[in-house]
Amino acid sequence: MILARVMVGRLQFVSMGKENITTELQRIKELLPRYRYVAIDTEYPSTVHEVPVGGAGRLTPVACYYALVKANIDEVPILQVGLTLCDEEGNLPVIVDGFNFAHALVHNVPSTDFMGKLAEVLAKVPQPLMWVVFGGAFDFAHMVKMLSVGQPLPKTHGEFMARARHLLHGLAFDAKYMGKHSGRAELCAGGLRTMAAILGMPQLILVSPSLAGPKSHTAFCIFNVMRLVVHGGASYDGLIDGIY
């Protein structure tokens, strides 16, 4: 695969592969102390279970949904991870040619290789990171699985969040959950594209050949609005849509 820097507007999405993984992870390492907000999106083939293995039984809705996430993530491989780094004001890193910069991590790097190197980077970040998703139960679950070197997810959602905090070295925010609790009816339903359209955000997802990179950027943009709309944005740490 030929690696490319894809321009979408003034954003530059960098494909990461075996040829540049060391260089790009070093860049991420250098950026993280300042750009501590990390929005993520994952792409995977499909789900293989529509109900938890063994059935829902007497599980609570949250436990039932987590069981569904676990059943799928334990079996389904990841295809793509997108990362967008921002600072507290929502600014993206700017590279020397004046373009804003985000990462799109594609499927030609074995997930265990990438995550092993990323885990080393995260362990050395001096301050807690702020991880951002949109409707991110599956996204966080994939990250936890990869950072756990492919181990099955924990049995309960409480154990899952504890492992996520430990491996991600930071806090976790879900912009979709925040939208549902924003007090604005129009933000209580719909997916990433719908909420982006309601908020008047550019639809980068529709014009980029890579999904995960632009979607991670859009997730952060929505989160940045939500933390201004909802009261006590910091209190939404750990409240992931579907498993809280």
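The sections below set out a description of the structure shown in this document.

Calculation criteria
Residues numbered from 1 in each chain as written. Predicted model: local features only at pLDDT ≥ 70, side-chain atom pairs only at ≥ 80, totals over all residues. Heavy atoms only, no water. 1 Å grid on protein atoms, 1.4 Å probe; cavity = no way out; pocket = protein on both sides within 12 Å on 5 of 7 lines; lining within 4 Å. Points joined across faces, edges and corners; volume = space filled by probe spheres on them. Helix = DSSP H or I, 4+ residues; strand = E, 2+ residues; numbered from the N terminus. Core = buried A, V, L, I, M, F, W, Y, C linked by side-chain atoms within 4.5 Å. Buried < 20%, exposed > 50% of the residue type's maximum accessible area, 1.4 Å probe, protein only. Contact = heavy atoms within 4.5 Å. Phe/Tyr/Trp six-rings, centres within 6.5 Å; stacked < 30°, edge-to-face > 60°. Salt bridge = Lys/Arg side-chain N within 4 Å of Asp/Glu carboxyl O. Nonpolar A, V, L, I, M, F, W, Y, C, P; charged D, E, K, R; others polar. Expected span 1.5 Å × (residues − 1).

## Some words on empty space enclosed by the protein
The gaps left among the atoms become clear once a water-sized probe is rolled over them.
Part 1: Applying the stated rule across the entire model yields 1 cavity of 30 Å³ or more.
Part 2: Taken as a whole, the largest cavity encloses approximately 30 Å³ of empty space.
Part 3: Taken together, I28, L32, V38, L83, L85, L118, L122 and W131 make up the lining of the largest cavity.
Part 4: Broken down by secondary-structure element, the contributors of at least two residues to the lining of the largest cavity are β4 (80-86) and α3 (111-123).

## Examining the nonpolar core
Nonpolar side chains tend toward joint burial in soluble globular proteins.
Part 1: Residues L32, F114, W131, F140, M143 and F160 are the most contacted members of the largest nonpolar core, which totals 43 residues.
Part 2: Within the residue set of this core, elements represented by two or more residues are α1 (21-31), β3 (37-43), α2 (61-73), β4, α3, β6 (129-133), α4 (137-147) and α5 (157-168).
Part 3: In terms of residue count, α4 provides more of this core than any other element does, 8 residues in total.
Part 4: Ignoring anything within four residues of it in the chain, the contact list for F160 reads Y66, F140, A141, V144, L153, P154 and I243.

## Here we look at the packing of aromatic side chains
Part 1: Using the criterion set out here, one finds 9 aromatic pairs in the structure.
Part 2: Here Y37 and F220 contribute two aromatic rings whose centre-to-centre distance is 6.1 Å and whose plane-to-plane angle is 70°, an arrangement assigned as edge-to-face. Taken together, the positions of Y37 in strand β3 and F220 in helix α8 (residues 212-229) put the pair 183 residues apart, joining distant regions of the chain. For the residue pair Y37 and F220, the accessibility class agrees, reading buried in each case.
Part 3: Taking 5.8 Å as the distance between ring centres and 20° as the angle between the ring planes, the aromatic pair formed by Y44 and F138 counts as stacked. Here Y44 is found in the loop between β3 and α2, whereas its partner F138 is found in helix α4, with 94 residues between them in sequence.
Part 4: For F138, a relative accessible area of 11% translates into the label buried.
Part 5: Here a set of aromatic residues connected by ring pairs shows up, and it is made of Y37, F173, F220 and F223.

## Quick look at the pattern of salt bridges
Part 1: Taken as a whole and judged by the stated rule, the model has 7 salt bridges.
Part 2: Where R27 meets E24, a salt bridge forms, and the shortest distance between an N and an O atom there is 3.2 Å. Highlighted residues: R27 and E24, both in helix α1, separated by 3 residues, approximately one helical turn.
Part 3: Accessibility expressed as a relative area gives 23% for R27, which makes it partly exposed.
Part 4: Residues D41 and K215 are paired through a salt bridge, measuring 3.9 Å at the closest nitrogen-oxygen approach. With D41 in strand β3 and K215 in helix α8, this residue pair connects regions lying 174 residues apart in the sequence.
Part 5: The exposure class of D41 is buried, given its relative accessible area of 8%.
Part 6: According to the relative accessible area criterion, K215 is buried, its value standing at 18%.
Part 7: Linked through salt bridges whose partners overlap, the residues forming this network are D41, E43 and K215.

## Overview of the environment of L25
Part 1: Within the secondary structure layout, L25 lies in helix α1.
Part 2: The buried category is assigned to L25, whose relative accessible area is 4%.
Part 3: For the pair L25 and K117, spaced 92 residues apart in sequence, the C-alpha separation works out to 7.7 Å.
Part 4: For L25, the residues in contact, after removing those within four places along its chain, are M16, F114, K117, L118 and V121.

## Some words on the layout of surface pockets
Part 1: In this structure, the largest pocket encloses a volume near 250 Å³.
Part 2: If you trace the largest pocket, you find 15 residues lining it, with D41, F134, G135, D139 and K215 closest to the centre.
Part 3: Elements with a minimum of two residues in the lining of the largest pocket: β3, α4, α7 (192-198) and α8.
Part 4: Per-element tally for the lining of the largest pocket: the top contributor is β3, with 4 residues.
Part 5: Each residue belonging to the lining of the largest pocket can be placed in one class, and the counts come to 6 nonpolar, 3 polar and 6 charged.

## Concerning α2
Part 1: With 13 residues, α2 ought to run about 18 Å at 1.5 Å a step, and its terminal C-alpha atoms sit 18 Å apart, in line with that.
Part 2: Along α2, the residues classified as buried are Y66, L68, V69, K70, A71, N72 and I73.

In short, the description is geometric, and any link to function would need to be established separately.
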